[in-house]
Amino acid sequence: MNQLSAISPELLIASVMVASTPILLAALGELVVEKAGVLNLGVEGLMIIGAVCGFAMAVITGSVFVGAVAAMVGGAMLALVFAFLTQYLLSNQVATGLATTLFGLGLASLIGKPFIGERPPPMPRLQVEFLSDLPFIGHVLFSHDPILYLALLLAFLVWYFLRYTKMGLVLRAVGENHDAAHSIGYSVRLTRLAAICFGGALAGLGGCYLSLVRVPQWSEGMTAGAGWIALALVVFSSWRPLRLVLGAWLFGGVTVLQLNLQAAGVGIGVAYLSVAPYVVTIVVLVLISLNRSQRLLNAPACLGRSFFITS
């Protein structure tokens, strides 16, 4: 009990918000991709490419914001390769996504070799006058970096885009019935291409958040399964953007809690604590799969299906 009392609730909640941000960004991008009817299992590869591109450019230019832009470009470029293979060459989406992950991990390892041991410039924090000085709430809510607040804003914007805008409705129509959308004049391929690029950019931004903010250094395989958790989170949220925030906080909370328990010296093996986030992911997916009708309620009908132009 004395060991648990050493964990500060204020620092714990703030750390949860930081830990959840890369997962939230990648999951938001993947949600848009899946709403368009495409299943991209290459999120892990997109994140690691974003991590190395963002880190490298931040070190070279001395600007974390240039690094963030480079990460988004890197993620979008690799996503374009996936899009070309699946939407124009009609390759299998599952196999291509797995290949994208493997290719991203290998390419990131090659690019990152010269940057091992380097330190990036610090990410500035947005200090809100008066609010940042409030006890407890000030540190928890008003003393974070710009990307964290951007991730929360994007969750709302994605929800609004999909629900209330014409382009959002078109994207959802393409994901629900691409033949019907094509028959009334909408370009299925261009819509999916745009969605895949957007998803790649957000996955890249989530990756660079890992290498520039959460663990400000470069190491091979530093995403450590975050992309797979993001994929699971999309299903967990039933393809609803605002639920992604709660889901990301849940998974981020498990990750942070196990680190805090290790630091507090709780009498649980380190190996058991380290595996906890992945066990929680598996358990959640199993529970969701038990209620198949609820799981499929919001799943796009054409998810994972290739679009063929027959005329």
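Small disclaimer: the values here were computed from a predicted structure and weren't measured.

Calculation notes
Residues numbered from 1 in each chain as written. Predicted model: local features only at pLDDT ≥ 70, side-chain atom pairs only at ≥ 80, totals over all residues. Heavy atoms only, no water. Helix = DSSP H or I, 4+ residues; strand = E, 2+ residues; numbered from the N terminus. Buried < 20%, exposed > 50% of the residue type's maximum accessible area, 1.4 Å probe, protein only. Lys, Arg positive; Asp, Glu negative; His and termini not counted. Salt bridge = Lys/Arg side-chain N within 4 Å of Asp/Glu carboxyl O. Contact = heavy atoms within 4.5 Å.

Undergrad: Account for the side chain of glutamate 34, naming residues and giving values.
TA: Along the chain, the position of glutamate 34 falls in helix α2 (residues 9-35). Buried and without a salt bridge, glutamate 34 has lysine 35 as its closest oppositely charged side chain, separated by 9.1 Å. Discounting residues that sit within four places of it in the chain, glutamate 34 has contacts with Leu39, Leu231, Val234, Trp239, Pro300 and Leu303.

Undergrad: I'd like a description of the side chain of threonine 21, backed by residues and values.
TA: Here threonine 21 lies in helix α2. The class for threonine 21 is buried, based on a relative accessible area of 3%.

Undergrad: Can you tell me about the pattern of salt bridges, naming the residues and giving the values?
TA: Per the stated rule, a full pass over the model turns up 1 salt bridge. Between lysine 113 and glutamate 220 there is a salt bridge; the shortest N-O distance is 3.2 Å. In this pair, lysine 113 is assigned in the loop between α5 (93-112) and α6 (137-141) and glutamate 220 in the loop between α10 (188-214) and α11 (226-236), connecting sequence segments 107 residues apart.

Undergrad: Before we move on, could you go through unusual backbone geometry and cite the residues and values that matter?
TA: Phi at leucine 90 takes a positive value of approximately 60 degrees, unusual for a residue other than glycine. Relative to the elements of secondary structure, leucine 90 occurs in the loop between α4 (64-88) and α5. Positive phi values are uncommon outside glycine, yet serine 238 reaches one of about 55 degrees. Looking at the element boundaries, serine 238 is found in the loop between α11 and α12 (241-263).

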